[in-house]
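# Breakdown of the fold
Chain by chain, the residues run as shown.
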2 protein chains.
Amino acid sequence: MQNGWFGGIAIALPAASRYEIRRMKSAWLDISIPVHTGMVHWPDNPVPNVFRFFKMEDGLPCNVSALFMSAHTGTHMDSPRHFIADGDGMETAPLDAILGPCRVVEIKDPEAIKAGELKKLKLRRGERVLFKTRNSAGKWWEKPFDRDFVGIWKEAAQVIVDAGVRTVGIDYLSVGPFRKDGVETHQILLGAKVWILEGLNLCQVKPGNYELICLPLKITGCDGAPARAVLRKLGKG
Amino acid sequence: MQNGWFGGIAIALPAASRYEIRRMKSAWLDISIPVHTGMVHWPDNPVPNVFRFFKMEDGLPCNVSALFMSAHTGTHMDSPRHFIADGDGMETAPLDAILGPCRVVEIKDPEAIKAGELKKLKLRRGERVLFKTRNSAGKWWEKPFDRDFVGIWKEAAQVIVDAGVRTVGIDYLSVGPFRKDGVETHQILLGAKVWILEGLNLCQVKPGNYELICLPLKITGCDGAPARAVLRKLGKG
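## Considering the overall build of chain A
The number of helices and strands found in chain A is 6 helices and 10 strands. Every one of the 237 residues in chain A was classed for burial, and the buried ones make up 57%. Intrachain contacts of chain A at a sequence separation of at least 6 include 71% that bridge at least 24 residues. About 9800 Å² of surface is accessible on chain A, with carbon and sulfur atoms providing 54% of the total.

Structure representation (C-alpha cells):
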C-alpha cells in the first residue's frame, strides 16, 4: 500500500484497487543527478570529492565519509547572494518557492532559451517552471562539461522576471550559458528574487504539470546549496 | 493562493476562504538545523567548513562557496553502509521511506529511548517514526556537543526492528547514545534496513501525525548524506 503511494513497483503491491492504480501513475520521479568524486562540475570550481575517512576494512566499527565540493555541485540551488553582493543566503529560500505545483516546459531551440520562444509559453505570476532543453537528449552528467549547453539568454531572463515567475529550473549546471550572458542572466533573475534550481535530470520527464519537491541544504549565508528534487505528475497522470 | 498552500503569511493572501484557512494551519515546518562553519559535530569528525572561494569583494562577478564536512553533518541520513561493510549506499534510499505519513512521538525518559517505553507506543509495520526527546528542550545545535544526549538503547532498537518500522528519526546527531550501545543500535537498525534520520530540530513540533518530506543528497555509495526535512500536520491541524 505504501509502495503504491510512493513509486513502488506493481508486483510489490497487493491486488491493486482502482485507487492504487491511479496513484501508481503519479509515482515520484527523482530529478536529481548522483553525487560522486570527479563528477562533472563547473570548470573553475573544485573537483567534487567524496572520501571515506573511517573504514571498516581498517578494523573500525563503521564507515564515515566526508565531502569536499562547491556549493554549486550537481543538482543545486542558487541564492541571491551568488550574484548580488548583499543578497539573501540559501537559508532564506521560502519553502513555498520550492514545494508545490510546477510546470515542465520543453524548449525547442537547440541554441538557447530565448525571449521569443518564452513569450509563447504564457508564463504566469508565482509559477514554478522547469525548462527541459536539448541538454536532456542524453545523460549530460555522465559526460565531460559541455560549454555549449542550452542556457537562458539575458532577454529571456527578463521575460521570466517580467512574468513574475517564482522559481526556474534547468537541465544543466547553470541557468546562464557558458559563452554569453552567464553573468547577466544570473543578475537579472537573482536581482528579482527568482529562485534558481540547476543541474536537473529531466531526461525521463515529459512536459506537463507536476508537484515539485526541491529541498536544498540549509547553509547559512551561502550563495547556493546542493539539493535533492523530485516530481510527481499532477492531473490525469 | 500559492502562499496559502505552502506556509505563507496570512497578510499575503487574498480574502481568505474557509479552504485557505484550513490549509494555513498545516504549513510546512522546517525540521532541519542550519549548516555553517564550526557547527556542532560528532567529536571525531572534521569541523564543518563553508568558505567562499570566489568573492565579489575581490572584484569577481559572483560569490561561490565550497563545503568541507562529514556526510553525517547536521540533519542527515545514515545508509546501511555506515555500519554494514557491504551495505547499500545512500543513493539506494527508497523515496517511500522518506516521503509520506509519519508519527512524531514523545519520549519521556530523560536518560534514553528504552524498550519498555517503546512497547507502549504500538509501533506499526512500515511506519515512519520520529522521536522527540529531552534533547529538544533547547536548541541543541547551538550548544557544544552533549555526550549525554538521549539515544536509543540496543534493546529498544530491536523493538523497532521487530515492529517492522521503516524509518526512524531522532532529535540529536545520532540514534545511538555516545556512552553506550552506539555501535549496536546502528548495527541492529541498519542491519534490518531501517532508514535513519538524525540531527532533527523537533523543538517546535508537537507529538502527532504529520506528512514527512526528507530528501538527502544522492551521494553514490556513501554511508550517509546531509539532508533537508520538513513536516506538515495531518488530520485536524
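## Considering the state of the cysteines
Residues and elements named next belong to chain B. Throughout the structure, instances matching the rule amount to 0 disulfides over all chains. Counting only cysteine sulfurs, Cys214 is the nearest neighbor of Cys102, a cysteine outside any disulfide, at a range of 10 Å. Owing to a relative accessible area of 5%, Cys102 belongs among the buried residues under this scheme.

## Observations concerning unusual backbone geometry
Phi at Lys193(A) takes a positive value of approximately 60 degrees, unusual for a residue other than glycine. Overall, the relative accessible area of 52% leaves Lys193(A) in the exposed class.

## Things to note about the packing of aromatic side chains
Any aromatic ring pair is given by two values, namely how distant the centres are and how the planes are angled relative to each other. Scanning the model with the defined rule gives 22 aromatic pairs over all chains in all. Seen from their ring centres, Phe149(B) and Tyr172(B) are 4.5 Å apart, and the 15 degrees between their planes marks the pair as stacked. In this pair, Phe149(B) is assigned in the loop between strand 6 (128-132) and helix 5 (154-163) and Tyr172(B) in the loop between strand 7 (167-170) and helix 6 (182-191), connecting sequence segments 23 residues apart. Classification of Phe149(B) by relative accessible area gives buried; the value is 3%. Taken together, Trp42(A), Trp140(A), Trp141(A), Phe145(A), Phe149(A), Tyr172(A) and Phe178(A) form an aromatic cluster joined through their ring pairs. Sitting above the plane of the Tyr210(A) ring, Lys233(A) keeps its charged end 4.8 Å from the centroid.

## Some thoughts on the interface of chain A and chain B
Counting from both sides, the interface comprises 61 residues of chain A and, opposite them, 59 residues of chain B. Area buried by chain A at its contact with chain B is led by Leu67(A), Lys218(A) and Arg228(A), which between them contribute 15% of it. Scanning the region where chain A abuts chain B turns up 2 salt bridges. Ionic pairing is found between Lys218(B) and Asp30(A), a salt bridge with its closest N-O pair at 3.2 Å. The tally of links between chain A and chain B comes to 20 residue pairs in polar contact (both at pLDDT 80 or more). Counting residues per element, the ones that place at least two in the side of chain A that touches chain B are helix 1 (2-5), strand 1 (28-30), strand 2 (49-54), strand 3 (64-70), helix 3 (95-98), strand 5 (99-106), strand 9 (208-216) and strand 10 (224-233) of chain A. Counting residues per element, the side of chain A that touches chain B draws most heavily on strand 3 of chain A, which supplies 7 residues. Looking at side-chain class alone, the side of chain A that touches chain B contains 36 nonpolar, 14 polar and 11 charged residues.

## Brief notes about the environment of Val159(A)
Residue and element names in this part refer to chain A. Looking at where Val159 falls in the secondary structure, it is placed in helix 5 (residues 154-163). Overall, Val159 belongs to the buried group, its relative accessible area being 16%. Along the chain, Val159 and Thr185 lie 26 residues apart, while their C-alpha atoms are 11 Å from each other. Setting aside anything within four residues of it in sequence, one finds Val159 in contact with Ala115, Leu118 and Lys119.

## Things to note about the packing of helix 5 of chain A against helix 6 (residues 182-191) of chain A
Residue and element names in this part refer to chain A. Two elements in contact, helix 5 and helix 6, have axes whose closest approach is 8 Å; the angle formed by their N-to-C orientations is 10 degrees. Taken together, the axes of helix 5 and helix 6 are roughly parallel relative to one another. Contacts between helix 5 and helix 6 involve Lys154, Ala157, Gln158, Ile160 and Val161 on the former and, on the latter, Glu184, Thr185, Ile188 and Leu189. Considered class by class, the residues forming the contact of helix 5 with helix 6 number 5 nonpolar, 2 polar and 2 charged.

## Describing helix 5 of chain B
Residue and element names in this part refer to chain B. Inspection of helix 5 places Ala156, Ala157, Val159, Ile160 and Ala163 among the buried residues, and these make up the whole buried set. For helix 5, the angular spread of the buried residues around the axis is 155 degrees, confining them to a single face. Immediately downstream of helix 5, the backbone of Gly164 shows phi near 80 degrees, a positive value.

## Examining the environment of His72(B)
By secondary structure assignment, the location of His72(B) is in the loop between strand 3 (64-70) and strand 4 (76-78). His72(B) sits in the buried class, given a relative accessible area of 11%. For the pair His72(B) and Asp223(B), spaced 151 residues apart in sequence, the C-alpha separation works out to 8.5 Å. Setting aside chain neighbours within four positions, we find His72(B) in contact with Asn63(A), Val64(A), Asn45(B), Met77(B), Asp78(B), His82(B), Asp223(B) and Gly224(B). At 2.7 Å, the side chain of His72(B) forms a polar contact with the side chain of Asp223(B).

## A look at the relation of the copies chain A and chain B
Superposing chain A onto chain B requires a rotation of 180 degrees together with a translation of 0.0 Å along the rotation axis, leaving an RMSD of 0.0 Å. Between the two chains, the operation in question is that of a two-fold axis. No C-alpha of chain A lies nearer the rotation axis than that of Phe68(A), which sits 2.3 Å from it. With an isologous cut-off of 70% or more, the 97% of interface residues of chain A that recur at the interface of chain B puts this contact in the isologous class.

## Digging into the side chain of Ser32(B)
Here Ser32(B) lies in the loop between strand 1 (29-30) and strand 2 (49-54). Polar contacts involving the side chain of Ser32(B) include one to the side chain of Asp30(B), which spans 2.8 Å. Ignoring sequence-local partners within four residues, the contact set of Ser32(B) consists of Lys218(A), Thr75(B), Asn201(B), Arg228(B) and Ala229(B).

## Considering the sheet that holds strand 3 of chain A
A sheet is described by the order of its strands in space; here 4 strands give the open sequence 2(A)-3(A)-3(B)-2(B), paired in antiparallel fashion. Among the strands making up the open sheet, the edge pair consists of strand 2 of chain A together with strand 2 of chain B. The average undirected angle you get between the axes of adjacent strands in this sheet is 20 degrees. Looking at chain direction, strand 2 of chain A and strand 3 of chain A are connected through 5 bridges and run antiparallel. Residue pairing for strand 3 of chain A: Phe54(A) is matched across the bridge by Val64(A).

Rules used in this analysis
Along each chain, numbering runs from 1 in the same order as the chain's sequence is written. Here chains are named by letter from A upward and ligands by number from 1 upward, in the order in which they appear as written. Local features are withheld for residues below a pLDDT of 70 in this predicted model, meaning they are given only at 70 or higher, and side-chain atom pairs are given and counted only at 80 or more; totals for whole chains, interfaces and linings count all residues. Side-chain metrics in this entry use all non-hydrogen atoms of the structure; hydrogen atoms and water are not considered. By definition, any uninterrupted DSSP run of H or I lasting at least four residues is a helix, any uninterrupted run of E lasting at least two residues is a strand, and each is numbered from the N terminus. Any residue under 20% of the maximum accessible area for its type is buried, any over 50% is exposed, and the rest in between are partly exposed; the area is computed with a 1.4 Å probe on protein chains only. Any pair of residues with heavy atoms lying within 4.5 Å of one another is described as a contacting pair. Residue exposure ignores everything except the shown protein chains as possible cover, and the areas themselves are Shrake-Rupley values with a 1.4 Å probe. Throughout, disulfides are identified as pairs of cysteine sulfur atoms within 2.5 Å of each other. Each aromatic pair joins two rings of Phe, Tyr and Trp (for Trp, the six-membered one) with centres within 6.5 Å, and gets the label stacked for planes under 30 degrees apart, edge-to-face for over 60, and tilted for any other angle. When the NZ atom of lysine or the CZ atom of arginine is within 6 Å of a ring's centre and also within 35 degrees of its normal, the charge is said to sit over that ring. Reported buried area values correspond to the accessible surface (1.4 Å probe) lost by two parts on association, with both partners' losses combined. What counts as a salt bridge is simple: a side-chain nitrogen of Lys or Arg found within 4 Å of a carboxyl oxygen of Asp or Glu. In protein, a polar contact means a hydrogen-donor-capable atom and an acceptor-capable atom, both N or O and within 3.5 Å, with residues adjacent in sequence counting only if both atoms are side-chain atoms; elsewhere, any N or O pair within 3.5 Å suffices. Lys, Arg, Asp and Glu make up the charged group, whereas Ala, Val, Leu, Ile, Met, Phe, Trp, Tyr, Cys and Pro make up the nonpolar group; the residues left over, Gly among them, are polar. All axes here are fitted lines through C-alpha atoms, helices being fitted over the stretch that makes contact, and every angle between N-to-C directions spans 0 to 180 degrees. Put simply, angles under 35 degrees are roughly parallel, angles over 145 are roughly antiparallel, angles from 65 to 115 are roughly perpendicular, and the rest are oblique. Picture the helix axis, draw a direction to every C-beta atom, and the arc is the one those directions span. We superpose the copies by least squares over the C-alpha atoms of residues that have a pLDDT of at least 70 in both of them. One requirement defines pairing of two strands: DSSP has to find at least two bridges between them.

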